[in-house]
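Letter by letter, the chains look like this.
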Amino acid sequence: MFDAVILAAGGSMRMGKDKLSLDLGGDSVLSRAIKPFKSCPKLQNIILAVKKEHFSLYSDFSNGIILAEGGKTRTESVKSALRFVTAPYVLIHDGARPFVTAELIENVYDTAVKYGSGIPALPFSDSVRRIENGFIRECPDRGGFCAVQTPQGFDSMKIKAAYSKLSENDAFTDDSEVYQKYCSAPAVVEGDPMNKKLTSPADILGISAKVGTGFDVHPLAENRKLVLCGVEIPFEKGLLGHSDADAAIHAVMDALLSAAGLPDIGVLFPDSYESLKGVSSLSLLALVTEAVRKKNLKIHSVSLTVIAEKPKLSPYRQRFAETLSAALQIPEENIGIGFTTTEKLGIIGEGRAIAASSIVSLV
Ligand code: MG
């Protein structure tokens, strides 16, 4: 049997905000880091080290979980949590590693039972260099080096004894170092590349993003204005549709709605609505962005491709980007706009229609 110590008292200094409460697919980072432990039949207790002033914030977790007062350093937090450990083995885990699996937990536990310790380690894929004052001074053979992860498993008596030998100001970045220094050489178990520690904002970019795609096509007809991305373009024909038939904005709207899990524009703005006749699609886009914001989602990036044989649209790229940037309230560098033809093939190639497709990401 083992107790799990989960460390959640860090300051998230490098993240700039409380990374443990960030949403990962509807669950917090910390909750995801704890869940796989709960599914292990050998688990006895979970001990969560948090700052004392945050005890009340963790009432959701307190069901069956022991709260330990976290310290100023990682080492102090582990020391504090170890006092509550009563099982013969303990697995110490960073609350900022939400992708830990039950399989890794079991491997670490089994190794700790066999050797007194079990440390997940991964070989470096990049070369390792020792740097001094901005210059590489040493090129060690990376073959002997590994990056270590958590959870790290130990014989409870041994790791408690090792921690009892620490002096007041000793601070370590992990527990294998304490064990190695005051007990014996820790045993290694194969780490998991997916078991990442979330440290900087870049670590979560993309993880919690929602992506949606949209596509639209409208026929070209005489006596119609050609409006794309809200920009009126001089041309002998225009797109035919109930609204202004702005296929580019329609594709973006459907991508946004799809990413947010909302029904498409055909459902939200049906052709049967007389009030929508000839309406500017930019005004519909404003309603769509409002609906996205109501779901507490932020538009991160938009990619749009307009597919037309004629007219030549690339001179309008900048104006399209400016219009979308203003309408969506996102920086232009997060907007990608491309143009293509269908090499004279099909209805678009014959100049009978213009289509647009879009992919967006929301966070
Ligand atoms: Mg349409």
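Located above this text is the structure these notes cover.
Figured I'd write up the structure that's included with this text. (Residues numbered from 1 in each chain as written. Predicted model: local features only at pLDDT ≥ 70, side-chain atom pairs only at ≥ 80, totals over all residues. Heavy atoms only, no water.)

Tracing the backbone shows Asp192 in the loop between strand 12 (188–190) and helix 6 (201–204). With no salt bridge to any partner, buried Asp192 finds its closest opposite charge in Arg97, at an N-O distance of 9.5 Å. A polar contact of 2.9 Å, which involves the side chain of Asp192, links it to the backbone nitrogen of Met194. (Helix = DSSP H or I, 4+ residues; strand = E, 2+ residues; numbered from the N terminus. Buried < 20%, exposed > 50% of the residue type's maximum accessible area, 1.4 Å probe, protein only. Lys, Arg positive; Asp, Glu negative; His and termini not counted. Salt bridge = Lys/Arg side-chain N within 4 Å of Asp/Glu carboxyl O. Polar contact = N/O pair within 3.5 Å; in protein donor to acceptor, adjacent residues only side chain to side chain.)

Let's shift gears to the state of the cysteines. Applying the stated criterion across every chain yields a total of zero disulfides. Cys146 takes part in no disulfide bond, and the closest cysteine sulfur, belonging to Cys139, lies 19 Å away. (Disulfide = S-S within 2.5 Å.)

Take the pairing of strand 17 (residues 299–307) next. Here strand 17 runs beside strand 19 (residues 353–362); their pairing, made up of eight bridges, is antiparallel. When the bridges of strand 19 are listed, Ser303 appears paired with Ile359. Tracing the backbone out of strand 17, into helix 10 (residues 317–328) and back to the parallel element strand 18 (residues 335–340) gives a crossover that is right-handed. (Pairing = 2+ DSSP bridges. Right-handed = clockwise from strand over helix to strand, strands pointing away.)

Now for the pattern of salt bridges. According to the stated counting rule, one finds eight salt bridges in the structure shown. Measuring nitrogen to oxygen at the nearest pair gives 3.9 Å for the salt bridge that ties Asp94 to Lys197. Of this pair, Asp94 sits in strand 6 (residues 89–94) while Lys197 is found in the loop between strand 12 and helix 6, placing the two residues 103 residues apart along the sequence. Using a relative accessible area of 32% as the deciding quantity, one classes Lys197 as partly exposed. One salt bridge in this structure joins Glu232 and Lys225, with 4.0 Å as the shortest N-O distance. Under the relative-accessibility criterion, Glu232 is labelled partly exposed at 48%. In this structure Lys225 comes out as exposed when scored by relative accessible area, which is 57%. Each of Arg74, Asp94, Arg97, Asp175 and Lys197 takes part in one network of salt bridges that share partners.

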